[in-house]
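Per-entry structural report
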Protein chains: 6
Amino acid sequence: MRTDGRQTAELRPVSITLHPNKHAEGSVLIAFGDTQVLCTATVEERVPPFMKGQGKGWINAEYSMLPRATQVRNQRESAKGKLTGRTMEIQRLIGRALRSVVDLQALGERTITLDCDVLQADGGTRTTSITGAFVALALAVHKLDRGNTFAKYPITDFLASVSVGVIGERTLLDLNYDEDSKAKVDMNVVMTGARKFVEVQGTGEEAPFSRDEFNELLASAEAGIASLIEKQREVLGELGSRIGTASV
Amino acid sequence: MRTDGRQTAELRPVSITLHPNKHAEGSVLIAFGDTQVLCTATVEERVPPFMKGQGKGWINAEYSMLPRATQVRNQRESAKGKLTGRTMEIQRLIGRALRSVVDLQALGERTITLDCDVLQADGGTRTTSITGAFVALALAVHKLDRGNTFAKYPITDFLASVSVGVIGERTLLDLNYDEDSKAKVDMNVVMTGARKFVEVQGTGEEAPFSRDEFNELLASAEAGIASLIEKQREVLGELGSRIGTASV
Amino acid sequence: MRTDGRQTAELRPVSITLHPNKHAEGSVLIAFGDTQVLCTATVEERVPPFMKGQGKGWINAEYSMLPRATQVRNQRESAKGKLTGRTMEIQRLIGRALRSVVDLQALGERTITLDCDVLQADGGTRTTSITGAFVALALAVHKLDRGNTFAKYPITDFLASVSVGVIGERTLLDLNYDEDSKAKVDMNVVMTGARKFVEVQGTGEEAPFSRDEFNELLASAEAGIASLIEKQREVLGELGSRIGTASV
Amino acid sequence: MRTDGRQTAELRPVSITLHPNKHAEGSVLIAFGDTQVLCTATVEERVPPFMKGQGKGWINAEYSMLPRATQVRNQRESAKGKLTGRTMEIQRLIGRALRSVVDLQALGERTITLDCDVLQADGGTRTTSITGAFVALALAVHKLDRGNTFAKYPITDFLASVSVGVIGERTLLDLNYDEDSKAKVDMNVVMTGARKFVEVQGTGEEAPFSRDEFNELLASAEAGIASLIEKQREVLGELGSRIGTASV
Amino acid sequence: MRTDGRQTAELRPVSITLHPNKHAEGSVLIAFGDTQVLCTATVEERVPPFMKGQGKGWINAEYSMLPRATQVRNQRESAKGKLTGRTMEIQRLIGRALRSVVDLQALGERTITLDCDVLQADGGTRTTSITGAFVALALAVHKLDRGNTFAKYPITDFLASVSVGVIGERTLLDLNYDEDSKAKVDMNVVMTGARKFVEVQGTGEEAPFSRDEFNELLASAEAGIASLIEKQREVLGELGSRIGTASV
Amino acid sequence: MRTDGRQTAELRPVSITLHPNKHAEGSVLIAFGDTQVLCTATVEERVPPFMKGQGKGWINAEYSMLPRATQVRNQRESAKGKLTGRTMEIQRLIGRALRSVVDLQALGERTITLDCDVLQADGGTRTTSITGAFVALALAVHKLDRGNTFAKYPITDFLASVSVGVIGERTLLDLNYDEDSKAKVDMNVVMTGARKFVEVQGTGEEAPFSRDEFNELLASAEAGIASLIEKQREVLGELGSRIGTASV
């Protein structure tokens, strides 16, 4: 049994609250246990310079932690005057992951920006962000769709993410902060509703890992992500009914 | 009657939720209507370089808006690489206001940092931040005090803030965003429980104002702040019982 | 009597020298006692992006202190790579104050930038800057006007600024550096020729102040500003004769 | 057959030149085909602040591309004033990978910085960098070791890296730039001499991938890395003889 | 005859006003025609990190132009967030030039910073700055010396600077802005009272120059600098009497 | 005899390798002894904003040292977030020098950027850079010319650069790092094939120098540059045959 009483293959309690923000085109407050992230989706009717004139849209993501989201207060990146490498890495990951389930052609010349702001952190902030940002994106696309914007629905599948790791000899699902800091292998996995991999990032800084350990980690992540996508479907209900309906 | 149905001298509904954050020494989620600010207080057992060796403490504040706190998304200051003048002005104001009711000598050589992060904005974010940050500060000081830290209680009085403005001929209390953008005179007032002024910042960029208008604005602010402090007392209950007990 | 021999309600000697700079459209060297500020006005036939296409002009201000304007040398903000919060706050204040007496519609699509560079500082640099910048602005507008540029004269009134403060029990006008650092209440006031308030910024960081103290401070500031505007009228002479002639 | 005539599972010609730089404690010029990286290792007898007093060392990496390493010239990051997210991500990866085969305790309180500067780029700059940086690190550690510095040899195993990807239906090893830009799945793998995984970063931005594809990619990478490590052993000869001799 | 009526080998009118600033240890307002520079010398009883513990002092210089010193307003470097290459080049030159006539050993462990702020520019701002900064430095050293600080006087000689250039076929001394922008060869020369060269920076971007032209330029500069040093001696009078008295 | 066995007027061994980079329009690897610089020329069919619409081209240069080009590792300027004054000064010098032998009108509306990256430093990096960048520029212009681009050939003469200095009583040519750090006078000279001066930058920070010393330095530099240009002619062969053929 884990320090918080979970089984090795058990997710933390997940909650997804829709529409916490009155201004955004889509917004979600998501929690994986004590990790809480506010995800907002902003739709703008223009694309970044490098995408202009291609008739395609763009999905962009930004990630930040409030200074006291963590046990020890962190200096704000705005006060430092620059983003840390960690932040850049995470926001690039979130954007890339979401684009994998969006048909940018079908989206048309508009940009959707997903802001993931971590209100409280207890491990897994990037996987929580991806899972919540997908729902915020779905809400924003649904809202656009009510105006009959899309011939072809631009979201091609569901998408969620979870972390897995090895502590001692055990493979654990959805690590909290405590577990994360003790894990010798740490992996973040992003998968689609069709159980395909979008991102796999495994790191054995403390101890390299074998092919067998790798397989176990992937299996655990796959099961966890299936549960998370179930939860997303449930929460979105009708609002998610056109996701994946276009044959790509 | 105002667009949201309020009387000229009526505050928006105020809610103050204690302890939304499990890591911070003090934390508050405060709302003035649709303006929502998360305030956390962080205690550190050291002071900034310019305060060293004086046996005194320091109170510091930082302020930020989430990018989609507003109707139109704002670029993050961390991405721009610098703070805007508006942010600097506001966080200097919050810090200065809070220090006016703290006996830095009694606090001892420690720093309390108040982070005010605006989750959703609808006018009055700086006054909401000051009012909420005071409560977060009180919680952090109370927590320190449980260890019998203070001979003399370092918080000398309650403190709250509200905006007032002139639209047309009417003096309005606690402007929302819509009213704020139409006001020809705009004033932010910070006062103590003893009804003394700590900060008065009045601006008549659109139209200079007379002494009589000024007096009306101050009277309206004074009444509003009295209500806000009533609310703070109520929410803090026992936790605020030592505030102002030391004779300064 | 004050340390420099002044009465409580007495200004420091004020001098305003016109045209110290041969390049600028308007320029003024102003001194309040030992505080010396060089103010230049630059006219450009374009407006900032956010003002484009509105047929209106813009007034902008920048403020800076030479590194050895002060007793102890300050690091240059250009070397630090960023403006301090204090500088931003002051230059926003100067711009806002000047715009309150300019009819931007009448000015037409042009920008006037007021640069206030403090050559020597002895308290009251922001009030000296506003008072001097107004005169530099008037010179620049007069110069434009000689070409019959304006149907309606864009400057609607005179404008000056002074500081007031409380030391011990006394209300003092136009604080020098020494007094400023001892004051428990510190207020900057900007008023027009019609004796209306444009900005009131009062701070009681050291000790909150009562309504009565507030009233005394405002009365003292009002008298001081009246004298300063008298001085501005005198120095400008004919050059200021169209100021406020348009009915707004 | 591939555009450059290689088989699907064939590496590009690899060359590793030792000691191209006369100042560095270790240096290597490595080429994977037309991708050329200069790797230098700098030894400093101190550790970063966060490592102080732990009796352990640190391995740090920095990565950069010369502006005309690429087909189209890139602006220098020094001129932009900041590192791109891509650069940060890569240098974090290189550092993390190398640390996985270094016993920081055995290294003692010193820092080895690996600078990887891409002189010419044709795909796979990060995998080429890791493979070359390992050799530069080995040279620097060997040089330290000649002074009988280490009781226990701090490098615990060999380490190399290669990219794999899917184009059409084919799994290709060691993608050049052309192939990289067409790949729908792109994966970078870092492995040790003991055939354990240190980093696996797979991305299916263009098209999510199945478990079977994943397995094929890993198998191809594993074979490629085995060849690269063979090459490293050969080039280092005697200089690498103590690598992995300490039982960890 | 030149556009301003001067002979080819004639300096512009030079004026040097001592003590324009009440805070600085030395200060000078210097004008070469319409070029006006405020030079202040600040003495600090410490040296930069790279000079610590050597028992020697340091001379540092900073240079800046007010935004409207020029015909067209320049953006402030503090607003841009960085110094231009031109500014860095000039302030490095000023510091290097002054250090050539200071015995850093005799100065002792203190830093003198020369701030050269151009109030109005009409060509030759760097040569005016060097010539003025030398006088400000002399005042500061004299002030230190009144406390019998120096066994050996640390200033070893006088120092001044002037520009020369070629327009058409003529060699002109002390170019104003207009001449400077037309010159095909442009040279700045710094010399000592003993007529030795400290810096020679000649540029023929528009047209390379021959050895003969070079000789003529140097001869003209030498004569001009001799006059400038005469002027410095005159202005300093008794205050400069110990300059160069120590045998180096 | 010098520490490396050279005569006072002897250059270090010079090598110039053409085309080390497959992407650049022109590229050269140049060595003056142990100083190695990679120079690439990039042609872009546009000019910087300040040159637009004049029908002329532009030559731009950038300079950088790899962090371990030197004995002690230097922090990257990209990591610091800004260029040092030294870098800016050098790259301004390289650009200015090259422009002196280019007819910008004949070049047409295009920009050639010369990147000089120091792979290994042993004194004279700026003179090596200029000498190598000229050859890279010649290659790029020759490549453009093969398309019959130019009516008039835009390179008007050869160009090279060398350092000279005084150590003790001796005038030395082409200083290495060791000599450079001991020299009391240090001079960099840039000359054309027609033996005209383009830049002369002499510094006597340690000890001012006389006119005679100056003449000796120039004579030594002139001879050294003549040899370097001989070498450039030899290496370029046919590729340089049109240089200077247009009468300017």
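Reading guide: rules and limits
- Residues numbered from 1 in each chain as written.
- Chains lettered and ligands numbered in written order.
- Predicted model: local features only at pLDDT ≥ 70, side-chain atom pairs only at ≥ 80, totals over all residues.
- Heavy atoms only, no water.
- Helix = DSSP H or I, 4+ residues; strand = E, 2+ residues; numbered from the N terminus.
- Rg over C-alpha atoms; globule rule 2.2 N^0.38 Å.
- Buried < 20%, exposed > 50% of the residue type's maximum accessible area, 1.4 Å probe, protein only.
- Contact = heavy atoms within 4.5 Å.
- UniProt positions renumbered as here; feature names shortened; annotations may be inferred.
- Pairing = 2+ DSSP bridges.
- Polar contact = N/O pair within 3.5 Å; in protein donor to acceptor, adjacent residues only side chain to side chain.
- Axes fitted to C-alpha atoms, helices over the stretch in contact; angles between N-to-C directions.
- Parallel < 35°, antiparallel > 145°, perpendicular 65-115°, else oblique.
- Left-handed = near helix turned anticlockwise from the far one by under 90°.
- Nonpolar A, V, L, I, M, F, W, Y, C, P; charged D, E, K, R; others polar.
- Buried area = accessible area lost by both parts, 1.4 Å probe.
- Salt bridge = Lys/Arg side-chain N within 4 Å of Asp/Glu carboxyl O.
- Least-squares fit on C-alpha atoms with pLDDT ≥ 70 in both.
- Phe/Tyr/Trp six-rings, centres within 6.5 Å; stacked < 30°, edge-to-face > 60°.
- Lys NZ or Arg CZ within 6 Å of the ring centre and 35° of its normal.

Another point: the overall build of chain A. Secondary structure assignment for chain A yields 6 helices and 9 strands. Against the globule reference of 18 Å for 248 residues, chain A gives a C-alpha radius of gyration of 18 Å, in line with a compact fold. Along the first, second and third principal axes, the C-alpha set of chain A runs to 55 × 45 × 30 Å. Out of the 248 residues belonging to chain A, those deemed buried represent 62%. When contacts within chain A are restricted to residue pairs at least 6 apart in sequence, long-range pairs at least 24 apart make up 70% of them.

Residue and element names in this part refer to chain A. Residues annotated in UniProt with the feature "domain: Exoribonuclease phosphorolytic" (unreviewed entry) correspond here to residues 10-140 and 158-223. With 30% helix and 31% strand, residues 10-140 has end C-alpha atoms that lie 30 Å from one another. Secondary structure content for residues 158-223 is 29% helix and 42% strand, and the end C-alpha separation is 15 Å.

This paragraph deals with the pairing of strand 5 (residues 111-120) of chain B. Residue and element names in this part refer to chain B. Among the 10 residues that make up strand 5, 10 are buried, leaving the element largely enclosed by the rest of the structure. Note that strand 3 (residues 35-44) and strand 5 share 9 bridges and pair antiparallel. Paired with Thr 40 across the two strands is Asp 115, which belongs to strand 5. Across 8 bridges, strand 4 (residues 58-65) lies against strand 5 in parallel orientation. In the sheet register, Met 65 faces strand 5, and the bridge partner there is Val 118.

Moving on, we come to the side chain of Thr131(C). You can see Thr131(C) is positioned in helix 4 (residues 125-145). According to the relative accessible area criterion, Thr131(C) is buried, its value standing at 1%.

A separate point is the UniProt feature "binding site: phosphate" (unreviewed entry) in chain A. All names here are of chain A. The UniProt entry lists Arg 86, Gly 124, Thr 125 and Arg 126 under the feature "binding site: phosphate" (unreviewed entry), expressed in the numbering used here. A maximum C-alpha distance of 13.3 Å among these annotated residues, which run over 41 residues, shows that they cluster at one spot. Summarising the element assignment, Arg 86 is placed in helix 2 (residues 85-99). Within the structure, Arg 86 has its side chain in polar contact with the side chain of Tyr 63 (distance 3.2 Å). With respect to the element layout, Gly 124 can be found in the loop between strand 5 (111-120) and helix 4 (125-145). If we ignore the near neighbours within four places in the chain, the residues touching Gly 124 are Arg 12, Thr 35 and Leu 175.

Moving on, we come to the packing of helix 6 (residues 211-236) of chain B against helix 6 (residues 211-236) of chain C. As a packed pair, helix 6 of chain B and helix 6 of chain C sit with axes 13 Å apart at the nearest point and diverge in direction by 155 degrees. With respect to helix 6 of chain C, the axis of helix 6 of chain B lies roughly antiparallel. The handedness of the crossing between helix 6 of chain B and helix 6 of chain C comes out as right-handed. Counting all contacts with helix 6 of chain B, which are made through Arg211(B), Phe214(B), Asn215(B), Leu218(B), Ala219(B) and Glu222(B), the residues of helix 6 of chain C involved are Arg211(C), Phe214(C), Asn215(C), Leu218(C), Ala219(C) and Glu222(C). Along the lines of polarity and charge, the residues of the contact of helix 6 of chain B with helix 6 of chain C split into 6 nonpolar, 2 polar and 4 charged.

Chain D puts 30 residues into the contact, and the matching count from chain A is 29 residues. Of the roughly 2800 Å² buried where chain D meets chain A, counting both sides, 52% is carbon and sulfur surface. By the criterion of area lost to chain A, the three top residues of chain D are Phe197(D), Glu205(D) and Arg211(D), representing 22% of everything that side buries. For Glu222(A), the salt bridge is made with Arg211(D), and the minimal N-O distance between the two is 3.7 Å. For the pair chain D and chain A, the interface holds 12 residue pairs in polar contact (both at pLDDT 80 or more). Secondary structure elements with two or more residues in the side of chain D that touches chain A: helix 2 (85-99), strand 9 (197-203) and helix 6 (211-236) of chain D. Relative to strand 9 of chain D, strand 9 (residues 197-203) of chain A is paired through 5 bridges, and the arrangement is antiparallel. Directly across from Glu199(A), in strand 9 of chain D, lies its bridge partner Thr203(D).

Take the relation of the copies chain D and chain A next. It takes a turn of 180 degrees to lay chain D on chain A, together with a shift of 0.0 Å along the axis; the resulting RMSD is 0.0 Å. Both copies are brought into coincidence by an operation consistent with a two-fold rotation axis. Identified as the residue of chain D closest to the rotation axis by C-alpha distance is Gln201(D), at 2.3 Å. Interface overlap between copies is the fraction of interface residues in one copy that are interface residues in the other; for chain D against chain A it reaches 97%, indicating a shared surface.

In this section: the arrangement of the chains. Kept free of each other, chain A and chain E leave a smallest C-alpha distance of 11 Å between them. Structurally, chain B and chain F remain out of contact, their C-alpha atoms never closer than 11 Å.

Moving on to the packing of aromatic side chains. With the rule as written, the count across this model stands at 39 aromatic pairs over all chains. Ring centres 5.5 Å apart and planes at 45 degrees place the aromatic pair Phe134(D) and Phe158(D) in the tilted group. With Phe134(D) in helix 4 (residues 125-145) and Phe158(D) in the loop between helix 4 and strand 6 (159-167), this residue pair connects regions lying 24 residues apart in the sequence. Residue classification places Phe134(D) among the buried residues on the basis of a relative accessible area of 0%. What makes Phe158(D) buried here is its relative accessible area of 4%. An aromatic cluster is present here, built from Phe197(A), Phe209(A), Phe214(A), Phe197(D), Phe209(D) and Phe214(D) joined pairwise through their rings. When the ring centre of Phe158(A) is taken as origin, the NZ or CZ atom of Arg233(A), which lies over that ring, is 4.4 Å away.

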